[in-house]
Amino acid sequence: MRVSNRTARLGAGAVMAIALVTACASPPPSVAPPTVQPTPVITPDPHLTEPATADQVFRAIRAGDLDLQVNNATTGGPDAALVKKINAAVGNWPLVISEYRTSAGLRAAIAWDPKKAPAQGNPPYAFVGLNILVEFGPVTGFPTAPDFTRQKEAGGIAALLDPLLWPLQQRSVVPIATRTAPPVAVSASASPKP
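Per chain, the residues get numbers from 1 upward, laid out in the order the sequence is written. Only residues with pLDDT of at least 70 get local features here, since the model is predicted, and only at 80 or more are side-chain atom pairs given and counted; chain-wide, interface and lining totals rely on the full set of residues. No hydrogens and no water enter the side-chain calculation; it runs on all heavy atoms of the structure.

(A) Spotlight on the overall build of the protein chain. The helix and strand labels rest on DSSP assignments: H or I over at least four residues marks a helix, E over at least two residues marks a strand, and numbering proceeds from the N terminus. Helix and strand counts for the protein chain come out as 4 helices and 6 strands. Helices (α) and strands (β) of the protein chain occur, in sequence order from the N terminus, as α-α-β-β-β-α-β-β-α-β. Three exposure classes are used, based on accessible area relative to the maximum for each residue type with a 1.4 Å probe and protein chains only: buried under 20%, partly exposed in between, and exposed over 50%. Counting all 194 residues of the protein chain, 29% fall into the buried class. Per-residue accessibility takes into account occlusion by the displayed protein chains alone, with areas from the Shrake-Rupley method and a 1.4 Å probe. Surface exposure of the protein chain reaches about 12900 Å², of which carbon and sulfur atoms provide 62%.

(B) Up close: the sheet that holds strand β2 (residues 82–90). Read from one edge to the other, the open sheet built from 6 strands follows the order β1-β2-β3-β5-β4-β6, with strand pairing classed as antiparallel. The sheet is open, and its two borders are formed by β1 (68–75) and β6 (169–172), each paired with just one other strand. Averaged over all neighbouring strand pairs, the angle between strand axes comes to 15 degrees, with direction disregarded. Where β2 and strand β3 (residues 93–100) come together, 8 bridges link them in antiparallel fashion. Each bridged residue has a counterpart across the sheet, and for lysine 85 the counterpart in β3 is serine 98. Note on contacts: a residue pair is in contact if any heavy atoms of the two residues lie within 4.5 Å. Interaxial angles span 0 to 180 degrees and are taken between N-to-C directions of axes, which are lines fitted to C-alpha atoms, for helices over the stretch in contact. Contacting β1, β2, β3 and β5 (132–136), helix α2 (residues 54–63) crosses the sheet at an angle of about 145 degrees to β3. Along the sheet, helix α3 (residues 103–110) contacts β3, β4 (125–129), β5 and β6; its crossing angle with β3, the most-contacted strand, is approximately 130 degrees. For two strands to count as paired, DSSP must find a minimum of two bridges between them.

(C) Highlighting the nonpolar core. Core analysis: the biggest nonpolar cluster contains 28 residues, and Val57, Ile97, Phe127, Val134, Ile157, Leu161 and Leu165 have the highest contact counts within it. Residue assignment for this core shows that the elements contributing at least two residues are α2, β2, β3, β4, β5 and α4 (148–161). In this structure, valine 134 is in contact with Val57, Leu95, Val96, Ile97, Tyr125, Ala126, Phe127, Ile157 and Leu161, ignoring residues within four places of it in sequence. Put simply, a nonpolar core is a bunch of buried Ala, Val, Leu, Ile, Met, Phe, Trp, Tyr and Cys residues held in one set by side-chain atoms that sit within 4.5 Å of each other. Listed in part, the 6 residues of the second largest apolar core include Tyr100, Leu106, Val128 and Leu133.

(D) Inspection of the packing of aromatic side chains at higher detail. When the centres of two rings from Phe, Tyr and Trp lie within 6.5 Å, Trp using its six-membered ring, the rings pair. Their planes under 30 degrees apart give stacked, over 60 give edge-to-face, and anything left gives tilted. Scanning all chains against the criterion turns up 2 aromatic pairs. Taking 5.0 Å as the distance between ring centres and 75 degrees as the angle between the ring planes, the aromatic pair formed by tryptophan 93 and phenylalanine 136 counts as edge-to-face. You can see tryptophan 93 sitting in strand β3 and its partner phenylalanine 136 sitting in strand β5, a full 43 residues away along the chain. Pair check on accessibility: tryptophan 93 and phenylalanine 136 agree, each one buried. Members of the aromatic cluster, connected to one another through ring pairs, are Trp93, Tyr125 and Phe136.

(E) Geometry of the confidence of the model for the protein chain. Per-residue confidence from the predictor is given as pLDDT, running between 0 and 100. Looking at the protein chain, pLDDT values average 80 and 73% of them are 70 or higher. For the stretch residues 182–194, pLDDT sits under 50, and the model shows 5 contacts to residues farther than four places along the chain or on other chains.

(F) Spotlight on the pattern of salt bridges. A carboxyl oxygen of Asp or Glu within 4 Å of a side-chain nitrogen of Lys or Arg is what we treat as a salt bridge. In total, this model carries 2 salt bridges according to the counting rule given. Residue lysine 84 pairs with aspartate 55 through a salt bridge whose shortest N-O separation is 2.8 Å. Of this pair, lysine 84 sits in strand β2 while aspartate 55 sits in helix α2, and the two are 29 residues apart along the sequence. With relative accessibility at 28%, the residue aspartate 55 sits in the partly exposed group.

(G) How the structure looks around the side chain of arginine 150. Within the secondary structure layout, arginine 150 lies in helix α4. We classify arginine 150 as buried; its relative accessible area is 18%. Residues adjacent in sequence count toward polar contacts only when both atoms are side-chain atoms; beyond that, a polar contact is any pair of N or O atoms within 3.5 Å, and within protein one must be able to donate a hydrogen and the other to accept it. For arginine 150, the side chain forms a polar contact with the main-chain oxygen of glycine 91, separated by 2.7 Å. Those residues in contact with arginine 150, other than ones at most four positions away along the chain, are Val90, Gly91, Trp93, Tyr125 and Phe136.

(H) Region of interest: α2. Considered for burial, the residues of α2 that qualify are Ala54, Val57, Phe58 and Ile61. In a view along the axis of α2, the buried residues occupy a sector of 100 degrees, so they form one face of it. For α2, the exposed residues set more than 90 degrees away from the buried face come down to Arg59 and Ala63. For α2, the elements touching its buried residues are β1, β2, β3, β5 and α4. What the arc measures is the spread of directions leading from the helix axis to the C-beta atoms.

Structure (structure tokens):
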């Protein structure tokens, strides 16, 4: 049997058409498309700078998950080291936020020594950072270790203050762990020589 040239050309044309269609079709993706990186979120620095205000600290405590009640506020005189004192309560226990003009003025006014335990007339918890003093608990009698609820409230206060007033110092009947460690002091002998 004889095959005509026309049939052979049609067969060859069909093969060419299939090759063309295959060549023009989009190839399967060999590489996954690049993933878009999420836009970085800028985390604001919560640290306050001196001079911090009692109002800034009060607002931070108010935003926390504590049972905060406000009583009153007083101001110091124009030349006094004390600028403002906010008297409040957390769970019916006194909370006093005092703002001083400078951190040096605060430490001089209260004779602050975080290494000493609270004495008679001191609250069970006192926190100092920058120019701010925060006292928690009654100041009558000799401070004793409070119950679990009060310790938890003091821990909540310290957790709110720590990122704001870093490095936070405390004088407490039961020490509260803070999240940020104070900077390591470098002695003069350890510094490099010029």
